[in-house]
Amino acid sequence: KEMKKSESAQNRKAKSFKKVFIICLCAVVGLGAIIFVSLVFSDAYSIIHPEKVSAKRFPDDSEIGLYYEAATVKFESGDETVLWFIPAQDIKTAESTVIFSHDVGDNKTVTKIDDGILYAKQLADAGINVATFDYSGSGFATGSGYTYGKREANELKQIISYVKEKYGSKYI
């Protein structure tokens, strides 16, 4: 009878240990899941709402010898941007315009590919107009967030139309 009692006590201890172990394991897994989900959502938010990097001022003539015009463009969404139009230098009318379209977290100076203004100077010196602007929520533009193409594609279309109408560019 005493052996049965000791076996029964051992079974209870084993079952009790299993229960405690399963509870602890569930708690660790649950805590890990909560941490994982919170990290995923915080990263997702920072990707959709990158830190706004302000565009530096346009270099003056003494720095790189480049003439430009600034124009405020209002998007259909109501947000506004400042477009820099850099006409072909030393040519009265150029038919072609290159529009710089920056990446997420960048701005119209296109700093992620070095200094975009220096590329603009090379194009302008070669007889090609250049336009560069900030998407909503970046640089000096109003608005916030980034939609990875949904809103930005529409804004680029609006900039193309604006450049064609205002500056008479045939080829974009």
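The residue numbers shown here count from 1 along each chain, following its written sequence. Given that the model is predicted, a residue must reach a pLDDT of at least 70 before its local features are reported, and side-chain atom pairs must reach 80 or more before they are shown or counted; all residues, however, enter totals for whole chains, interfaces and linings. Computation of side-chain values covers all heavy atoms of the structure but excludes hydrogens and water.

## Some details on the overall build of the protein chain
Here comes step 1: A run of H or I in DSSP becomes a helix once it reaches four residues, and a run of E becomes a strand once it reaches two; helices and strands are each numbered from the N terminus. The secondary structure content of the protein chain amounts to four helices and four strands.
Here comes step 2: Sequence-ordered secondary structure for the protein chain, helices as α and strands as β, is α-α-β-β-β-α-β-α.
Here comes step 3: Any residue under 20% of the maximum accessible area for its type is buried, any over 50% is exposed, and the rest in between are partly exposed; the area is computed with a 1.4 Å probe on protein chains only. With 172 residues in all, the protein chain has 33% of them scored as buried.
Here comes step 4: Only heavy atoms enter the contact rule, under which two residues are in contact if any of them lie within 4.5 Å. A sequence separation of at least 24 residues applies to 68% of the contacts in the protein chain between residues at least 6 apart.

## Thoughts on the layout of surface pockets
Here comes step 1: If you add up the space inside the largest pocket, you get close to 160 Å³.
Here comes step 2: Residue lining of the largest pocket: Glu69, Phe85, Pro87, Ala88, Ile91, Lys92, Thr93, Ala94, Glu95, Asn129, Tyr167 and Gly168, and that is the complete set.
Here comes step 3: Its residues assigned to classes, the lining of the largest pocket comprises six nonpolar, three polar and three charged. A cavity, in this analysis, means grid points on a 1 Å lattice covering only the protein atoms where a 1.4 Å probe fits yet has no way out; a pocket is instead an open set bounded by protein on both sides within 12 Å along at least five of seven lines, and a residue lines either one if it has an atom within 4 Å of a point. Grid points are joined across faces, edges and corners, and a volume is the space filled by probe spheres set on the points. Here the nonpolar group is Ala, Val, Leu, Ile, Met, Phe, Trp, Tyr, Cys and Pro; Asp, Glu, Lys and Arg are the charged ones; every other residue, Gly included, is treated as polar.

## Things to note about helix α4 (residues 150-167)
Here comes step 1: To estimate how far a helix should reach, multiply one less than its number of residues by 1.5 Å. Taking 1.5 Å per residue, 18 residues should reach 26 Å; α4 reaches 26 Å between its end C-alpha atoms and fits that length.
Here comes step 2: Here α4 has its buried residues at Arg151, Glu152, Glu155, Gln158, Ile159, Val163 and Tyr167. Around the axis of α4, the buried residues are gathered within 140° of arc, so they sit on the same side. Across from the buried face of α4, at angles greater than 90 degrees, the exposed residues are Lys150, Lys157 and Glu165.
Here comes step 3: In this structure, the buried residues of α4 make contact with β1 (69-74), β2 (80-86), β3 (97-100) and β4 (129-132). As used here, the arc is the angular range of directions from the helix axis to the C-beta atoms.

## Focus on the sheet that holds β3
Here comes step 1: Spatially, β1-β2-β4-β3 is the arrangement adopted by the four strands of the open sheet, whose pairing is mixed. This sheet does not close on itself; its edge strands, each paired only once, are β1 and β3. Across the sheet, the mean angle separating the axes of adjacent strands is 25° when strand polarity is ignored.
Here comes step 2: DSSP calls a pair of strands paired once it identifies at least 2 bridges connecting them. Summarising the sheet, β3 and β4 pair through four bridges and their orientation is parallel. A fitted line through C-alpha atoms serves as each axis, taken over the contacting stretch for helices, and the angle formed by two N-to-C directions is quoted from 0 to 180°.

## Quick notes on the pattern of salt bridges
Here comes step 1: The term salt bridge refers to a pairing of a side-chain nitrogen on Lys or Arg with a carboxyl oxygen on Asp or Glu at a separation within 4 Å. Under the criterion given, the structure shown has four salt bridges.
Here comes step 2: Across the pair Lys170 and Glu95 runs a salt bridge whose closest N-O atoms are separated by 3.4 Å. Of this pair, Lys170 sits in the segment after α4 while Glu95 is found in the loop between β2 and β3, placing the two residues 75 residues apart along the sequence.
Here comes step 3: Taking relative accessible area as the criterion, Lys170 reaches 54% and is therefore assigned exposed.
Here comes step 4: Accessibility expressed as a relative area gives 42% for Glu95, which makes it partly exposed.
Here comes step 5: In this structure, the salt-bridge partner of Lys121 is Asp125, at a minimum N-O distance of 3.0 Å. Remark: Asp125 and Lys121 occur in helix α3 (residues 116-125); sequence separation between them is four residues, near one turn of the helix.
Here comes step 6: Each of Arg151, Glu152 and Glu155 takes part in salt bridges that share partners, so that together they form one network.

## Notes on a nonpolar patch on the surface
Here comes step 1: Residues Phe17, Phe21, Ile22, Leu25 and Val29 make up a contiguous nonpolar surface patch of roughly 540 Å² in combined accessible area.
Here comes step 2: Within the element layout of this structure, Val29 appears in helix α1 (residues 2-48). Patch membership requires over 30% relative accessible area and the absence of a salt bridge. Like charges are linked within 9 Å, and nonpolar side chains (Val, Leu, Ile, Met, Phe, Trp, Tyr) within 5 Å. Note that accessible areas follow from Shrake-Rupley with a 1.4 Å probe, and for residues the cover is restricted to the protein chains shown.

## What to know about the packing of aromatic side chains
Here comes step 1: The aromatic pairing rule takes the rings of Phe, Tyr and Trp, using the six-membered ring of Trp, and pairs them if the centres are within 6.5 Å, calling planes under 30 degrees apart stacked, those over 60 edge-to-face and the rest tilted. Summed over the entire model, instances satisfying the criterion amount to four aromatic pairs.
Here comes step 2: Centre to centre, the rings of Tyr68 and Trp84 are 6.1 Å apart; their planes meet at 65°, and the pair counts as edge-to-face. Here Tyr68 is found in the loop between α2 (61-64) and β1, whereas its partner Trp84 is found in strand β2, with 16 residues between them in sequence.
Here comes step 3: Taking the relative accessible area as the measure of exposure, Trp84 reaches 5% and is therefore buried.
Here comes step 4: Here Phe133 and Tyr135 contribute two aromatic rings whose centre-to-centre distance is 4.8 Å and whose plane-to-plane angle is 70°, an arrangement assigned as edge-to-face.

Functional significance is not addressed by these values, which are geometric in nature.
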